[in-house]
Structure formats: structure tokens, C-alpha cells
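Spelled out, the chains give:
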Amino acid sequence: MKKLPSWLADTMEKVISNKIYQVEVVETKMLSSNLKCVTFKGGFFEAEFIPGMEVLFRVNANEYRHYTLSAFDKTKETCEVIFYLNRQGPGHHLAVNIQKGDRLKLIVDRAKVKYNESSNQHFFFGDETSLGLYESLGKKVVDENVEYFGILELQEENLNSVKHLKLLIDTVPSDLNAPAKNAISWMENMHPLCWEMWQNATFYLTGRAKSVQQFKRYLKQRGVSFRQIITMPYWEMGKVGGG
């Protein structure tokens, strides 16, 4: 989200006050050295959360950052966000310093990546910035009693983070100089019968823009229809992103 003059940000918050919730941090836990899961509690009894829902935090006087909810519990009036502490970007200072007892403003936005209700198979591709989305969608898949699988390209120190989330997704090391290369190699090594069983799935591609582009190109070369592919690039090197 682009920078806004502080007066305009203040005015916007007054206009959308019905979407703003005062929340308290009730738990934080580190999934790895730079992945932080934070649980917020607020008056969410009227909130309509769906899988893939995004929220905003105001990280300074002029900027907001989007994050996807990884979980929500309407009964307990809690929600979770997984922050990637990438040591850069306007959101890093907020995320790294959040601790239990803090009070913040949470703005409910919308789900930009929506769950395909008509699909019986869901395949996830992404990176650290995709974890929250895929934890949310993965829970939806389990509730619907259908199937999901996928591959994430992660930095070495984050490869085991999916175990904390109980995600049924494989991981490979990321290579900043070769976007999606290791994930595509993993796909090439799949048993032919496995590919045959999953070629009609819905494919969700998120994370680094160049990785999304390369993986989408690979899927189309394998005969996957563009109608089956949902893309949402979150960041790219050299550009100010969501961190």
C-alpha cells in the first residue's frame, strides 16, 4: 500500500471506523528465528472472517501493511497473523517489537486470494510470506474433507517452520538467484501418477513475484489451464513490499 499523508490516513480511519478493531496481543511464539506468530484478541463477534482474509496495521504515520490471517476463532474472538521478520520494509519494526499485552488497531480488509469452493484438490506454492494464507486455506480444506498439498521455497532457517503449523506441504531451499528453480525440480521429480492425479487441481501461487511468474509458466507448459491458477505476488527484490 502506498504512502499516505498522515492527515489523509487519519481521515480514512474515521471513514472506515466500522472496520477497525482495538485488539490486544495475547500470545506470541517464534516458528523460527524470523517467523513470528501473534495472536490478537478483540471484539470480533460481528466480524465476518473468511479463509484468506487480509487485515491492515498502521506501521507509521504514513503507511499501512497488509497481512493475511492464518487463523481466527469467532467464539474466542481471536485471530492470528504470521509475521515474516525480513529485517527490511516498513512493517519490520512493528512486527519484531510486538509483545504480549500490546494494544493495536487492526483494520479488516478483504480476501484477495479466495478459496475455490468448487475444487476438490488445492495445490499451494509460495514462500515465507505465504504461510499465513496457506495455514488458513489448509484448515478450510480439512473442514471440507477434500485434499491439499504443495511446495514452499524457504530460507534454510525456516524449512522446519511448517511442522509447527502442521501444514501438509513440502519445502525446498530458496535460491534468490533462481526463482522457483528448486520447486520446479521438486515437481519434476514427482511420480507421474501423482502428477496425473493432481493436474486438475486449483493452484494457488503467492510470494515472490518472479517465483510466481516462473512457476506459473511451468504449470502452463505442463498443460494446466490458466483458469486453474490463482496468483498473488506479494514482493520482489528491490521493491518496497509487505515486510
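Whatever comes next refers back to the structure up there.
Now for a quick tour of the structure.

Cut-off values and rules
Residues take numbers from 1 onward in each chain, read along the sequence in its written order. Residue-level local features of this predicted model are given only where pLDDT is at least 70; pairs of side-chain atoms are given and counted only at 80 or more, and the full residue set underlies all totals for whole chains, interfaces and linings. Heavy atoms throughout the structure, all of them, feed into the side-chain values; hydrogens and water do not. What counts as a helix is a DSSP run of H or I of at least four residues, what counts as a strand is a run of E of at least two, and both are numbered from the N terminus. For the radius of gyration, the atoms used are the C-alpha atoms, and the globule rule reads 2.2 Å times the number of residues raised to 0.38. Remark: exposure states derive from per-residue accessible area (1.4 Å probe, protein chains only) relative to the maximum for the residue type, with buried under 20%, exposed over 50%, and partly exposed in between. Two residues qualify as a contact provided that any one of their heavy atoms is within 4.5 Å of a heavy atom in the partner residue. Charge counting follows a simple rule: Lys and Arg are positive, Asp and Glu are negative, and His as well as the terminal groups are ignored. Where a charge lies is defined by one atom per residue type: Lys uses NZ, Arg uses CZ, Asp uses CG and Glu uses CD. For two strands to be treated as a pair, DSSP must find no fewer than two bridges joining them. Angles here are taken between N-to-C directions and fall from 0 to 180 degrees, while the axes themselves are lines fitted to C-alpha atoms, restricted in helices to the stretch in contact. In this description, a nonpolar core means a group of buried Ala, Val, Leu, Ile, Met, Phe, Trp, Tyr and Cys residues linked to one another through side-chain atoms lying within 4.5 Å. Working definition: roughly parallel below 35 degrees, roughly antiparallel above 145 degrees, roughly perpendicular at 65 to 115 degrees, and oblique for all remaining angles. By definition, turning the near helix anticlockwise from the far helix through less than a right angle yields a left-handed crossing, and turning it clockwise yields a right-handed one. Multiplying 1.5 Å by the residue count of a helix minus one yields the expected span of that helix.

Describing the overall build of the protein
If you tally the helices and strands in the protein, you get 7 helices and 11 strands. Relative to its length of 243 residues, the protein is compact, with a C-alpha radius of gyration of 18 Å against a globular reference of 18 Å. For the protein, the spread of C-alpha atoms along the three principal axes comes to 55 × 40 × 30 Å. Burial analysis of the protein (243 residues in total) assigns 49% to the buried set. In the protein, once contacts between residues fewer than 6 apart in sequence are set aside, the share between residues at least 24 apart is 71%. Positive and negative side-chain charges of the protein, numbering 31 and 28 respectively, have mean locations separated by a distance of 5 Å.

Description of the sheet that holds strand 9 (residues 170-173)
Each strand in a sheet pairs with another by means of backbone hydrogen bonds, the pair being arranged parallel or else antiparallel. Read across the sheet, 5 strands follow the order 9-8-7-10-11 without closing on themselves; strand pairing throughout is parallel. The two strands at the open ends of the sheet, each matched to only one other strand, are strand 9 and strand 11 (229-235). Each adjacent strand pair in this sheet contributes to an overall mean axis angle of 10 degrees, direction not counted. Sheet analysis places strand 10 (residues 202-208) next to strand 11, joined by 6 bridges and oriented parallel. Within strand 11, the residue paired with Phe203 across the bridge is Ile229. Helix-sheet contacts for helix 5 (residues 181-188) involve strand 7 (121-126), strand 8 (147-154) and strand 9, and the interaxial angle to strand 8 is about 140 degrees. Running at roughly 155 degrees to strand 10, helix 7 (residues 209-221) makes contact with strand 7, strand 8, strand 10 and strand 11 of the sheet.

Structural notes on the nonpolar core
Core analysis: the largest hydrophobic core is formed by 24 residues, its most contacted members being Phe40, Phe57 and Phe83. For this core, the secondary structure elements donating two or more residues are strand 1 (20-32), strand 2 (35-41), strand 3 (53-58), strand 4 (64-73), strand 5 (78-84), helix 2 (92-97) and strand 6 (103-111). Each residue touching Phe40, except ones within four places of it in the same chain, is listed here: Val23, Glu24, Val25, Phe57, Glu77, Thr78, Cys79, Val81, Phe83, Ile98 and Leu104. Counting 22 residues, the second largest nonpolar core, distinct from the first, contains Ile82, Val113, Leu154 and Leu165.

As for the packing of helix 5 against helix 7
For the pair helix 5 and helix 7, interaxial distance at closest approach is 9 Å and the crossing angle is 25 degrees. Compared by their axis directions, helix 5 and helix 7 come out roughly parallel. Of the two elements, helix 5 crosses helix 7, and the hand of that crossing is right-handed. Residues Ala183, Ile184, Met187 and Glu188 of helix 5 touch helix 7, and the partners they reach there are Gln214, Phe215, Tyr218 and Leu219.

Looking at helix 3 (residues 131-144)
Under the 1.5 Å per step criterion, the end-to-end length of helix 3 is 20 Å for 14 residues, consistent within 8% with the ideal 20 Å. With respect to burial, helix 3 is a largely interior element, 10 of its 14 residues being buried. Listed in full, the buried residues belonging to helix 3 are Leu131, Gly132, Leu133, Tyr134, Glu135, Ser136, Leu137, Gly138, Lys140 and Val141. Just beyond helix 3, the residue with positive phi is Asn145, at close to 60 degrees.

Take it as geometry only, folks, not as evidence of what the structure does.
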